[in-house]
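Structure assessment
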Amino acid sequence: MVELATTIWADGPTPNPHQPDKAQIRAWGTFIERNAAWNLLSASEISSNSIPDGMSFIRTAGHATPGDGGGALYFRLASTGTEPWQKQSADGAWWDIAGAPEYPAEIFGLGVGGADTASWEAAVDFITTRGGILRVPAGEFTLTNDLSITSAAMPFKIIGAGKDVTIFKRADAGTVAFWNIVSSSDYVIADLTLNCQRSNVAVGTGSHALRMDRGENITVHRVKVTDYTDTGIIYFDTADAANGLHDDISVVECECDGLSNANNGILLNNTRRGLMAHNKVINLGRQGAPQFAIQFKARNVDGKSIGNWIENCRGGVAIGSTDVAAPSNVNCHSSFEIVKGATRALRATYSSFCTMHAEVIDMDEASDAGNPTEDTDEHAVFLNQVDNCVIRIGHLRSYEDTKYVAALPTAVGCTVVIDTWRNVPHTNKFLDLGVGASGNVIEVKNYVGTPFDFPMDLVQNASGSANTFRISSDVMSQRTTIASDAITILNPAVARYRLDTEGAAATDNLATINGGTDGQVVAFTTTSDARDVVLKHNTGNIFLKGAVDRSLGTINDIVMLMFSSFASKWIEI
């Protein structure tokens, strides 16, 4: 055991002071040399100093200068160093950064005099190899190379000083993904900004600001992205199901501003329990086809999208993609979204047992100045190749050029509920159903605006499937033209039909009424005093009082019929 200095050099009784033992002094000195760290002003001084053989540790006061935040503890390696952050002293020894819970990025020169790209690459290489937390300081750092991380060896966290405080700016270089993290799990990216603006050309098709491909237990928290032209701003991307589902991918409290370029926002693919919550996505896709601020793209299971704010985007929230068919998303849920000014607010495609809930959808702000042809694509709700999905809107304000409030080309067994529809400015375009739509319920609980008076069938094609529609307590009127003495009723909510003669003839017969639900009551009248309609008794499936025909000669003549499914007849009441 090495004696303490106070023991070795202790004074004995006067007049015979204790004489130090040289062996004890040598043992004490060797212990100090081997265990006490040298203190150097900066990391660069390691290469200019010869460190005694007995020294095991070196401590630096900074990376470039003392106090710049890049100070670190280094330990002696037993062999030649191979990593970029390892350093060699003048005596030939190699030194490595000692393990710690977290590391300031200044250790590697970021923000303290080193080249941003080289310093950043060294820092990322270190943290993905060793694991731990990499703390990135405030400042703007320009990267001339895209960041690429593949198969990180250890869990890691890259944490900045805050959005708009720690900023990584893309130089006029790079190809597809600014930050590309592949086949890595258990990591966090947080509290920083990715500024992707470039002064030369757009990034190009298939590109992303932050792309994550294959991995689990991943969190992106409080990250801001500015101007990423084309495919995805924050994107968890797995092209197919070959690698299975990836668990627990979370994008929370992030902010994306596309500066109105043609781009998508936050997208998840092939995830289980994926989460997109409380993000703000603005100014996306105004110059291109509908692309979505928040999207479960394909093959997601048990995903949740909660409380996102979406404004001035071509597309709002999407579950599914027209680009990717089955296998679909299953049991994914979007709730409490705010969607202001999206041309297609809520869309579900190729998905089952999913729900979408937006508290506010403001179509009044969806006009595309300078791009009027896109107005024809505006829908508050669009459902295609979906089944058993539920869509709810708390408050809807229409835009006068909205194509249809709800379009359901092939939806089966879905429910669309609008709590309050403020139809000001007025659009008379409510519902577009396709031939494959069946068993759907569409209901507006409270309606404010000009009452509806449909000039054409709500159902735009020959679908014979049962769908139910309700608009508040308004009595809905619909105009129908007779064809070969018959009409078809596909909307059980319409309580009055205005009949027009075939080819605008002066007189026409109505013998058969196809469709109807049991107990449905409809009032029939004509569209014009100049065109008469004669309802024929028991020629087809109409049964009239007194067993005689009834003539509707003016718009004031009305016949009330009720459908009996038992008798398969419309019976006058």
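Figured I'd write up the structure that's included with this text.

Cut-off values and rules
Every chain's residues receive numbers from 1 upward, in the order its sequence appears when written. Local features are withheld for residues below a pLDDT of 70 in this predicted model, meaning they are given only at 70 or higher, and side-chain atom pairs are given and counted only at 80 or more; totals for whole chains, interfaces and linings count all residues. Excluded from the side-chain calculations are hydrogens and water; all other atoms, namely the structure's heavy atoms, are used. In this scheme, strands are said to pair when DSSP sees at least two bridges between them. Helix numbering and strand numbering both begin at the N terminus, where a helix is a DSSP run of H or I of at least 4 residues and a strand a DSSP run of E of at least 2. An axis is simply a line fitted to the C-alpha atoms; with a helix, the fit covers only the stretch in contact. Between two such axes, the angle follows the N-to-C directions and lies from 0 to 180 degrees. Take the buried Ala, Val, Leu, Ile, Met, Phe, Trp, Tyr and Cys residues and link them wherever side-chain atoms come within 4.5 Å; each set so joined is a nonpolar core. Throughout, exposure labels follow a simple rule: accessible area from a 1.4 Å probe, protein chains only, divided by the maximum for the residue type, with under 20% read as buried, over 50% as exposed, and the rest as partly exposed. Whether two residues touch is decided by their heavy atoms; if any such pair falls within 4.5 Å, the residues are in contact. Salt bridges are defined by distance alone: a side-chain nitrogen of Lys or Arg within 4 Å of a carboxyl oxygen of Asp or Glu.

**Description of the sheet that holds strand β47 (residues 550-552)**
- Strand order across the open sheet formed by three strands is β42-β45-β47, with mixed pairing between neighbours. Only two strands of the sheet have a single partner each, and these edge strands are β42 (507-510) and β47. This sheet shows a mean twist of 25° between the axes of neighbouring strands, independent of strand direction.
- Both β42 and strand β45 (residues 532-535) contribute to a ladder of four bridges, which runs parallel. Across the sheet, the residue bridging to Leu510 is Leu535, located in β45.

**Considering the nonpolar core**
- Counting 103 residues, the largest nonpolar core has Trp120, Phe168, Trp179, Ile234, Ile361 and Leu383 as its most contacted members.
- Ranked by residue count, the leading element in this core is helix α3 (residues 116-130), at six residues.
- Those residues in contact with Ile361 that lie beyond four places of it in its chain are Val339, Ala345, Leu346, Ala380, Ile393, His395, Leu396 and Arg397.
- One finds Phe524, Leu552, Val559 and Trp570 within the second-largest nonpolar core, a separate group that totals 19 residues.

**Observations regarding the sheet that holds strand β4 (residues 87-88)**
- Taken in spatial order, the five strands make up an open sheet running β1-β2-β3-β5-β4, and their pairing is mixed. In the strand order of this sheet, the two ends are held by β1 (38-40) and β4, each with one partner.
- Relative to strand β2 (residues 57-60), β1 is paired through three bridges, and the arrangement is parallel. Bridge pairing in β2 places Trp38 opposite Ile58.

**Quick look at the pattern of salt bridges**
- A full pass over the atoms with the stated rule returns 18 salt bridges.
- The closest approach of N and O atoms between Asp213 and Arg214, which form a salt bridge, is 3.2 Å.
- For Asp213, a relative accessible area of 7% corresponds to the buried category.
- Overall, Arg214 belongs to the partly exposed group, its relative accessible area being 27%.
- Close ionic contact of Asp362 with Arg397 constitutes a salt bridge, the shortest N to O distance being 3.0 Å. Of this pair, Asp362 sits in strand β31 (residues 355-362) while Arg397 sits in strand β33 (residues 390-397), and the two are 35 residues apart along the sequence.

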